[in-house]
Amino acid sequence: MSSAYVYRKPVRRTRHAEFRRRIIIITLILAPFIAVGAYIYFGFHNAKQVNPVTSGIENTQISTNKSTFFSDYFQFQDTDTWVFDKNNSTATKLTYHKFRKNVQEAEMVVYINQVPIPLYLATPRVLPVRIVNNDSLVATSVSDPCGNTYAKGELHNVKEVNIGYATMLCDPDSPQYFVQLAEIGGNYQLSMKRPNGKPIQFVITYKDTGLDSQPDAILNIANSFTTR
């Protein structure tokens, strides 16, 4: 018989040996794929667990994005860059220009203990403000053009008008976005006090020369304006 048992000679189980060999080969082939799959699976789940811990607040720097500008008499804040114009300033008149991407967009003039002539003071709009603690301002909102307050057929002469309980010097025909600050219950002469208790008076005008005039800058300035 061809398959007869021979004493002390191992039996060759050919089919079982071949099967084991195939299992080993398949395992070696699949091992890299299993490892990659496990890495992706556990990496994904670990990421899901870690992400909620890192909130948007932790990754964001909280800032007002405003810069503070100083003079000897006052300070104010805005999100854009203001440059002091020494050539167009005097001891009682301080001129500032606002720039955005090196393009001038606005001008602000602060008169100190001086009331300018109507040519420089009269504006078509007013920003009524309240004086708080004699040293700072709180603004309301920029008015519509003051020419709207003139009666039908009335000559459009420059004159004082009252808007928002604040008296301004109105230029009814100016097309510019030109604003003066005026105190509610008072006028454009803003009487305040410096930290040393010394009285000081400001007259403030703001002119936006940009293509898309907005009140943001003058509101930032007014709401942060304090004496020094």
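Residues numbered from 1 in each chain as written. Predicted model: local features only at pLDDT ≥ 70, side-chain atom pairs only at ≥ 80, totals over all residues. Heavy atoms only, no water.

**Considerations on the overall build of the protein**
(1) Moving on: Counting its regular elements, the protein contains 3 helices and 13 strands.
(2) Moving on: Restricting the contact set of the protein to residue pairs at least 6 apart, pairs at least 24 apart contribute 53%. (Helix = DSSP H or I, 4+ residues; strand = E, 2+ residues; numbered from the N terminus. Contact = heavy atoms within 4.5 Å.)

**So, the pattern of salt bridges**
(1) Moving on: Counted under the stated rule, the structure contains 4 salt bridges.
(2) Moving on: Across the salt bridge formed by Arg-100 and Glu-105, the nearest N and O atoms sit 3.7 Å from each other.
(3) Moving on: One salt bridge connects Lys-159 with Glu-154, and the closest N-O pair in it is separated by 2.6 Å.
(4) Moving on: Look at Lys-159 and you get partly exposed, because its relative accessible area is 30%.
(5) Moving on: Residues joined by salt bridges that share partners form a network here, namely Asp-80, Lys-98, Arg-100 and Glu-105. (Salt bridge = Lys/Arg side-chain N within 4 Å of Asp/Glu carboxyl O. Buried < 20%, exposed > 50% of the residue type's maximum accessible area, 1.4 Å probe, protein only.)

**Points about the nonpolar core**
(1) Moving on: If you look at the biggest cluster of nonpolar residues, it comprises 30 residues, and the most contacted ones within it are Phe-74, Phe-76, Trp-82, Leu-127, Leu-181 and Phe-202.
(2) Moving on: In contact with Phe-74, other than residues within four places in its own chain, are Phe-69, Leu-94, Tyr-96, Val-110, Ile-112, Phe-202, Phe-225, Thr-226, Thr-227 and Arg-228. (Core = buried A, V, L, I, M, F, W, Y, C linked by side-chain atoms within 4.5 Å.)

**What about the side chain of Thr-227?**
(1) Moving on: Structurally, the position occupied by Thr-227 is in strand 13 (residues 226–227).
(2) Moving on: Side-chain polar atoms of Thr-227 contact the backbone oxygen of Lys-193, separated by 2.7 Å.
(3) Moving on: Setting aside residues up to four positions removed in sequence, Thr-227 forms contacts with Tyr-73, Phe-74, Asp-135, Met-192, Lys-193, Arg-194, Pro-195, Ile-200 and Phe-202. (Polar contact = N/O pair within 3.5 Å; in protein donor to acceptor, adjacent residues only side chain to side chain.)

**Here's the deal with the packing of aromatic side chains**
(1) Moving on: Applying the stated criterion to the full structure yields 10 aromatic pairs.
(2) Moving on: Taking the centre distance of 6.4 Å and the plane angle of 25 degrees together, the rings of Phe-74 and Phe-76 count as stacked. The same class applies to Phe-74 as to Phe-76, namely buried.
(3) Moving on: Taken together, the aromatic side chains of Phe-69, Phe-74, Phe-76, Trp-82, Phe-84, Tyr-96, Phe-202, Tyr-206 and Phe-225 make up a single cluster linked through ring pairs.
(4) Moving on: We note Lys-159 situated over the ring of Tyr-150; from NZ or CZ to the ring centre the distance is 4.7 Å. (Phe/Tyr/Trp six-rings, centres within 6.5 Å; stacked < 30°, edge-to-face > 60°. Lys NZ or Arg CZ within 6 Å of the ring centre and 35° of its normal.)

**Quick look at the confidence of the model for the protein**
(1) Moving on: Of all residues in the protein, 72% have pLDDT values of 70 or greater, and the mean over the chain is 83.
(2) Moving on: In the predicted structure, residues 1–13 sits below a pLDDT of 50 and forms 0 contacts with residues beyond four places in sequence or in another chain.
(3) Moving on: Confidence drops under pLDDT 50 across residues 39–63; counting only partners more than four residues distant or on other chains, this segment forms 2 contacts. (pLDDT = per-residue confidence, 0-100.)

**Points about the side chain of Asp-80**
(1) Moving on: The topology assignment puts Asp-80 in the loop between strand 2 (74–78) and strand 3 (81–84).
(2) Moving on: Using a relative accessible area of 12% as the deciding quantity, one classes Asp-80 as buried.
(3) Moving on: A distance of 2.6 Å separates a polar atom in the side chain of Asp-80 from a polar atom in the side chain of Arg-100.
(4) Moving on: When sequence neighbours within four positions are dropped, the list of residues in contact with Asp-80 reads Phe-69, Lys-98, Phe-99 and Arg-100.

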